[in-house]
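Close look at the chain arrangement
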Amino acid sequence: MSNITAIDKEYVANTYNRFPIEISHGKGSEVFDTDGKRYIDMGTGIGVTAFGISDDEWKNAVVEQLSKVQHMSNLYYTEPCARLAKLICEKTGMSKVFFGNSGAEANECAIKVARKYAADKKGSDYYTIITLENSFHGRTLTTLAATGQEHYHELFQPLTPGFVHTPANDFEALKKTAKQHKTAAIMIECIQGEGGVIPLDADFVKKTAEYANENDIILIVDEVQTGNGRTGELYAYMNYGIKPDVVSTAKGLGGGLPIGAVLLSAKVQNVLGFGDHGSTFGGNPVSSAGAVSILERIDDKLLEEVKAKSKYIFDSLIGAEGVESVSGMGLMIGIKTKKPAGGVVKACMEKGVLCLTAKDKVRLLPSLNIPQNILEEAINIIKSVCAE
Ligand SMILES: *Cc1c(COP(=O)(O)O)cnc(C)c1O
C-alpha cells in the first residue's frame, strides 16, 4: 500500500470504497495515476468535468477570477454570478436562478420553493412531494426522503416527512397518489441516473407535466446529472418538450468546481423573498466564472456532436458480444452486460478505461467533447472486456 492510500484509509471517513488507484493529473479525457499509467476517463468524476480534465478555457476562466476575488459572500454583487444567472435564463427561458453548491442543496431549494408556493396558494397542509420509485435526489435527510429507494432510508430514520413515491411510467398511479394527498409538487429525473440510466417514457412525462400544470402542482425536474448538455440537449426536459416550473442542476455545470443551481420559471420566480433561503458559498465567483465558460460552449454544434457520439456508442455496443442492452441518451449511457457490472468496470480499469456503475449497469459519462479517436479506443476496450 502506498503512502497516500494508507493515509487516506486512516484519516478519511469510511464512506467510499475506493478503487486502488491514486489519480495524479490529466488533460481532457486522459488521466494518469501516480505510477504514470494512462486511463481514458469515461466517468468524468460522475458527470462533472464536462469538457474534460483541466480544460484550458475553464481553467483560464477560473484562474483569471481567482486572481481578482475568490469569494465575497452574497452581501454584495459580483460579476460572474450575475453573468451566469443571465446566461442560464437566456438559454432556457427560465426567469430567475438560485445558486448553491451541490445537487442535494439544489433539490432542497427546489422543494422549499414548491412547499412555499403551495402553502401560499392552497394552504400549509399542501406539502406532499411525489417522487418516483428508483429515483435518486441526494444524501441530505430531505433529499434522501425524496429518493425513492428504501435501502437509502433504513439507517437514518426519521427522514423529513411529506414524501411519497409512485412507480415510474405509470401515470394512473401517479394521478391516484396526487389525489390521495394534498400535493405540492411532483419531482422527476427525466433519466434515472443512479437508478440505472433509465429514461422515462415520453408519454408519461408529457401527461405528468400536463396534469401538474392543470392542477397547479409544481413540476420539479432534477437535472443534476442529466443537465448541461449531457443528454444531447441543454437540459434533458428539452428532449420531452415540457416546461418545468423548477429545474435543479449541479454536477456538470461547474466543470469541476462545486456549484448547484435552481432554475425558477416565471410562475415561481418570486416565491422566495429576502431571507427565505441562502447559502454562504452560493454563486461563488470562481465556481460561477468556471460555469460561465462551460455553459457558453454548450451550443447547437456541441450538442450535435454529443448526439453523433451517442449514436456511435449505441451502434457499437448494441448486439456486441456480452452486451445485453444499452440505455440512456446523449453521453449518459447505461450498459447491461452479461457479466456483473462491477467486474466489467474493474477489468476496464486494469485495461486503462475508467467507467462507472449504476445499479446493475456499466455507466458511461464521458466528457462532452471527448475526441472521437479516444472514444473509439475506450469503446473497443469495453467491448473486448464484455466479450471475454
Ligand atoms: C448526483 C445527484 C444528486 C446529488 O448531487 P450532489 O451534488 O452529490 O449532492 C441529486 N440528484 C441526481 C439526479 C443526481 O444524479
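Model, not experiment: these values are computed from the prediction.

Taken together, Ser102, Gly103, Ala104, Asn107, Phe136, His137, Gly138, Glu189, Asp222, Val224, Gln225 and Lys251 make up the full set of residues near the ligand. Interatomic distance of 3.4 Å between a backbone N/O atom of Phe136 and a nitrogen atom of the ligand. A distance of 2.8 Å separates an oxygen atom of the ligand from a polar atom in the side chain of Gln225. Within the complex, 82% of the 380 Å² of free accessible area of the ligand lies under protein. In terms of residue count, the dominant contributor to the shell around the ligand is helix α5 (residues 103–121) (three residues). Taken together, the residues that form the shell around the ligand break down as three nonpolar, six polar and three charged.

If you trace the seven strands from one edge of the open sheet to the other, you get β4-β12-β11-β10-β7-β5-β6, paired in mixed fashion. Either end of the sheet is taken by a strand with one partner, and the two such strands are β4 (96–100) and β6 (163–166). Averaged over neighbouring strand pairs, the angle between their axes works out to 20 degrees when direction is ignored. Relative to strand β12 (residues 260–264), strand β11 (residues 246–249) runs antiparallel, the two sharing four bridges. For Val247, the partnering residue across the bridge sits in β12 and is Leu263. The strands touched by helix α8 (residues 202–214) are β5 (128–132), β7 (183–188) and β10 (218–223); relative to β7, the strand with the most contacts, the crossing angle is about 160 degrees.

So, how was this worked out
Residues numbered from 1 in each chain as written. Predicted model: local features only at pLDDT ≥ 70, side-chain atom pairs only at ≥ 80, totals over all residues. Heavy atoms only, no water. Near = heavy atom within 4 Å. Polar contact = N/O pair within 3.5 Å; in protein donor to acceptor, adjacent residues only side chain to side chain. Areas by Shrake-Rupley, 256 points an atom, 1.4 Å probe, with all protein chains shown as cover. Helix = DSSP H or I, 4+ residues; strand = E, 2+ residues; numbered from the N terminus. Nonpolar A, V, L, I, M, F, W, Y, C, P; charged D, E, K, R; others polar. Pairing = 2+ DSSP bridges. Axes fitted to C-alpha atoms, helices over the stretch in contact; angles between N-to-C directions. Contact = heavy atoms within 4.5 Å.

The values are spatial; any link to function lies outside them.
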